Amino acid sequence: MFYYLFKSVVLVPLLRCLFRPRVEGLEHLPASGAAIIAGNHLSFCDSFLMPATVRRRITFLCKQEYFTGRGVKGRLTAAFFRACGQIPVDRSGRSAGQAAVEEGVRVLCGGELLGIYPEGTRSHDGRMYKGKTGVAEMALRSGAPVVPCAMIGTFEAQPAGRRLPRVVPITIRFGEPLDFSRYAGMADQRLVLRAVTDEIMYAILKLSEQEYVDTYAAQAKAEARDGAATGGAARHAVPAGRVG
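Chemist: Please clarify how the environment of Gly33 should be interpreted in this entry.
Modeler: Here Gly33 shows up in the loop between β1 (22-24) and β2 (35-39). Accessibility expressed as a relative area gives 29% for Gly33, which makes it partly exposed. Along the chain, Gly33 and Gly111 lie 78 residues apart, while their C-alpha atoms are 4.6 Å from each other. In this view, Gly33 contacts Arg56, Gly111, Glu112 and Leu113; residues no more than four positions away in its chain are not counted.

In structure tokens, the structure reads:
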């Protein structure tokens, strides 16, 4: 009840007024029944803008940190995500990832729409990164089609680290559903999961026209942080020959 009330009274009018997002391909979303909406992930506002364009409820798998924040802001954020029916996901290990898959399959078996970002985290530089295979396992186990979705402009609006979004043109583009019924019963085969995931990521890439990087986003972020730290240390080092 809260989800539809908040969406129709607050979220949709506010986002449409601020961003006036251009939406393409809504006809590709099923009017009923289960489906996975798999998108690129460029900004915190992705999870608000995209659902605001879709009449049906979308349940997202959200990182657990959104539910464990401290202080007034943390409690309000957690209450909001719980009221919207979003699912917290512990991203700390393989067993945690499998628990997220089980939750996703449960949502899909209930005939609902499931929103997921196969990259696993927001892009830190606007490029697209390698998808994790959880989305493929959910699709094969549930039999649900996968609708690729591209968020365009949200990185410029609110990249990671920016508190308030800029008002810039936003496009939300949905592609034709992907049917993976040919792989039914093969959800336990690693190479099949990788192939299905790569096909999903390619479909998103065609819609978004991003640059693609064949590594995981979390790894790329860590390398970028390490590089920045190393660079900072080098800048503050004493030049050779000047000691003493």
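Further notes follow.
Chemist: Any chance you could explain the environment of Phe60 here in plain terms?
Modeler: Mapped onto the elements of the fold, Phe60 is located in strand β3 (residues 58-63). With 26 residues separating them in the primary sequence, Phe60 and Gln86 have C-alpha atoms 5.4 Å apart. Discounting residues that sit within four places of it in the chain, Phe60 has contacts with Ser47, Met50, Pro51, Gln86, Ile87, Gly115, Ile116 and Tyr117.

Chemist: Explain the nonpolar core here, please?
Modeler: As a rule of thumb, soluble globular proteins bury nonpolar side chains together. Counting 32 residues, the largest nonpolar core has Ile36, Met138 and Ile200 as its most contacted members. Listing elements by their share of this core, those giving two or more residues are β2, β4 (87-89), α4 (94-109), β5 (113-116), α5 (134-142) and α7 (190-208). A per-element tally of this core places α7 first, with 8 residues. Among the nonpolar cores identified, the runner-up in size contains 20 residues, and Leu29, Ala35, Val147 and Ala157 belong to it.

Chemist: Any chance you could explain the confidence of the model for the protein chain here in plain terms?
Modeler: Per-residue confidence for the protein chain gives a mean pLDDT of 84; residues scoring 70 or more make up 80%. For the protein chain, helix α1 (residues 2-18) is the element with the lowest average pLDDT, namely 60, and α7 is the one with the highest, namely 98. Throughout residues 236-244 the model reports pLDDT below 50, and contacts reaching past four residues in sequence, or to other chains, amount to 1 contact.

Chemist: Can you help me understand the pairing of β5 in this one?
Modeler: Within a regular beta strand, the side chains point alternately toward one face of the sheet and then the other, so they alternate between its two faces. Burial of the side chains of β5 extends over both faces: Leu113 and Gly115 are buried on one face and Leu114 and Ile116 on the other. When β2 meets β5, the two strands line up parallel, connected through 4 bridges. From the neighbouring strand, Ile36 faces β5, where its bridge partner is Leu114. Alignment of β3 against β5, held across 3 bridges, turns out to be parallel. Within the sheet, the bridge partner assigned to Phe60 lies in β5 and is Gly115.

Chemist: What's the story with the pattern of salt bridges in this structure? I'm lost.
Modeler: Side chains that carry opposite charge are capable of pairing whenever their charged atoms lie near each other. Scanning all chains against the criterion turns up 9 salt bridges. Of the charged contacts in the structure, one is a salt bridge between Glu24 and Arg173, with a shortest N-O distance of 2.7 Å. Here Glu24, found in strand β1, pairs with Arg173, found in strand β8 (residues 171-174); they are 149 residues apart in sequence, far enough to count as distant. Between Arg127 and Asp125 there is a salt bridge whose closest N-O contact spans 2.9 Å. We classify Asp125 as partly exposed; its relative accessible area is 27%. Among the ionic contacts, a cluster of salt bridges with common partners joins Arg22, Glu24 and Arg173.

Chemist: Mind showing me how you'd approach the packing of α5 against α7 here?
Modeler: For any two helices packed against each other, the geometry comes down to the angle between their axes and how far apart the axes lie. Across the interface, α5 lies against α7 with an axial gap of 8 Å and an inter-helix angle of 105°. As the angle between them shows, α5 and α7 are arranged roughly perpendicular. Judged by residue contacts, Val135, Ala136, Glu137 and Leu140 of α5 engage Val192, Leu193, Val196, Thr197 and Ile200 from α7.

About the cut-offs
Residues numbered from 1 in each chain as written. Predicted model: local features only at pLDDT ≥ 70, side-chain atom pairs only at ≥ 80, totals over all residues. Heavy atoms only, no water. Helix = DSSP H or I, 4+ residues; strand = E, 2+ residues; numbered from the N terminus. Buried < 20%, exposed > 50% of the residue type's maximum accessible area, 1.4 Å probe, protein only. Contact = heavy atoms within 4.5 Å. Core = buried A, V, L, I, M, F, W, Y, C linked by side-chain atoms within 4.5 Å. pLDDT = per-residue confidence, 0-100. Pairing = 2+ DSSP bridges. Salt bridge = Lys/Arg side-chain N within 4 Å of Asp/Glu carboxyl O. Axes fitted to C-alpha atoms, helices over the stretch in contact; angles between N-to-C directions. Parallel < 35°, antiparallel > 145°, perpendicular 65-115°, else oblique.

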